[in-house]
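Inside the fold
Next come the chains, spelled out residue by residue.
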Amino acid sequence: MKISQSLQVHEPWATLILNGEKTIETSGQACTGEGVAPGWVLLRTGSGKAAGAAQLGQRITYNSAAEFDTHFDRHLVPPTSRFHHSTRKRGRSYGYPVTAVVVFGSPILVTTPSGQHRLKHVDDVEVFRI
């Protein structure tokens, strides 16, 4: 399988996704258009390496902290986190359901273009299930 997108994911969130505990990745950015699923993305940490990939489903829009908190058991972001909905300046947060994951045998370096967006197009990376 080839993957041509990467998503910046801070730790411990990337590890929680790859081990199946975090089943919604959240963002203050609408990484896709409404109703669009990102599909397979490399989970790139601040080190620029990816320990695996996730298939992300159709975007969920959260318009309030109360809405966001209804999915706490899936996104695991507590109200005290700097990534909680209550810290979003635009009053919106987005969620991307994790529908599948692949863990790599060893992390791979992912070269990404510069820019502010978390979801980036990268040169195709050939990924094999391990």
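This text goes with the structure placed above it.
Thresholds, definitions, all that
- Residues numbered from 1 in each chain as written.
- Predicted model: local features only at pLDDT ≥ 70, side-chain atom pairs only at ≥ 80, totals over all residues.
- Heavy atoms only, no water.
- Helix = DSSP H or I, 4+ residues; strand = E, 2+ residues; numbered from the N terminus.
- Rg over C-alpha atoms; globule rule 2.2 N^0.38 Å.
- Contact = heavy atoms within 4.5 Å.
- 1 Å grid on protein atoms, 1.4 Å probe; cavity = no way out; pocket = protein on both sides within 12 Å on 5 of 7 lines; lining within 4 Å.
- Points joined across faces, edges and corners; volume = space filled by probe spheres on them.
- Nonpolar A, V, L, I, M, F, W, Y, C, P; charged D, E, K, R; others polar.
- Core = buried A, V, L, I, M, F, W, Y, C linked by side-chain atoms within 4.5 Å.
- Buried < 20%, exposed > 50% of the residue type's maximum accessible area, 1.4 Å probe, protein only.
- Phe/Tyr/Trp six-rings, centres within 6.5 Å; stacked < 30°, edge-to-face > 60°.

Before going further, it helps to spend a moment on the overall build of the protein chain. A tally of helices and strands in the protein chain yields three helices and seven strands. Helices (α) and strands (β) of the protein chain occur, in sequence order from the N terminus, as β-α-β-β-β-β-α-α-β-β. Taking 2.2 N^0.38 as the reference for a compact globule, 130 residues should give roughly 14 Å; the C-alpha atoms of the protein chain span a radius of gyration of 14 Å, in line with that estimate. Based on the C-alpha atoms only, the size of the protein chain along its principal axes is roughly 40 × 30 × 25 Å. Long-range contacts, defined here as pairs at least 24 residues apart, represent 75% of the contacts in the protein chain between residues at least 6 apart.

Right, let's get into the layout of surface pockets. Its boundaries defined by the atoms lining it, the largest pocket holds a volume of some 290 Å³. Along the walls of the largest pocket sit 16 residues, with His10, Gly28, Phe83, Arg88 and Arg118 positioned nearest its centre. If you tally residues by element for the lining of the largest pocket, the top one is strand β2 (residues 24-27), at three residues. Considered class by class, the residues forming the lining of the largest pocket number four nonpolar, seven polar and five charged. In this structure, the second largest pocket occupies an estimated 160 Å³ of space. Along the walls of the second largest pocket sit Gly28, Gln29, Thr87, Arg88, Lys89, Arg90 and Arg92, which together make up its complete lining. Considering only residue class, the lining of the second largest pocket consists of no nonpolar, three polar and four charged.

To continue, consider the environment of Ser86. Tracing the backbone through its elements, the reader meets Ser86 in the loop between α3 (72-75) and β6 (93-109). Spatially, the C-alpha atoms of Ser86 and Phe68 are 9.1 Å apart, while their sequence positions differ by 18 residues.

On to the nonpolar core. Among the nonpolar cores identified, the biggest contains 20 residues, and Val9, Leu43 and Leu56 are the most heavily contacted of them. Listed by contribution, the elements that provide at least two residues to this core are α1 (13-18), β3 (39-44), β4 (49-56) and β6. In terms of residue count, α1 provides more of this core than any other element does, five residues in total. If sequence neighbours within four positions are ignored, Leu56 has contacts with Leu7, Ala37, Pro38, Gly39, Val41, Tyr96, Pro97, Val98 and Thr99. Judged by nonpolar contacts, the second largest core, of 11 residues, contains Ile3, Val102, Val110 and Val122.

A word on the packing of aromatic side chains. Enumeration over the complete set of coordinates arrives at two aromatic pairs. A centroid spacing of 6.4 Å and a plane angle of 90 degrees characterise the contact between Trp13 and Phe83, whose relative ring orientation is edge-to-face. Here Trp13, found in helix α1, pairs with Phe83, found in the loop between α3 and β6; they are 70 residues apart in sequence, far enough to count as distant. An angle of 85 degrees between the planes, with centres 5.3 Å apart, marks the rings of Tyr62 and Phe68 as edge-to-face.

Note that all results are geometric; they support no functional claim without further evidence.
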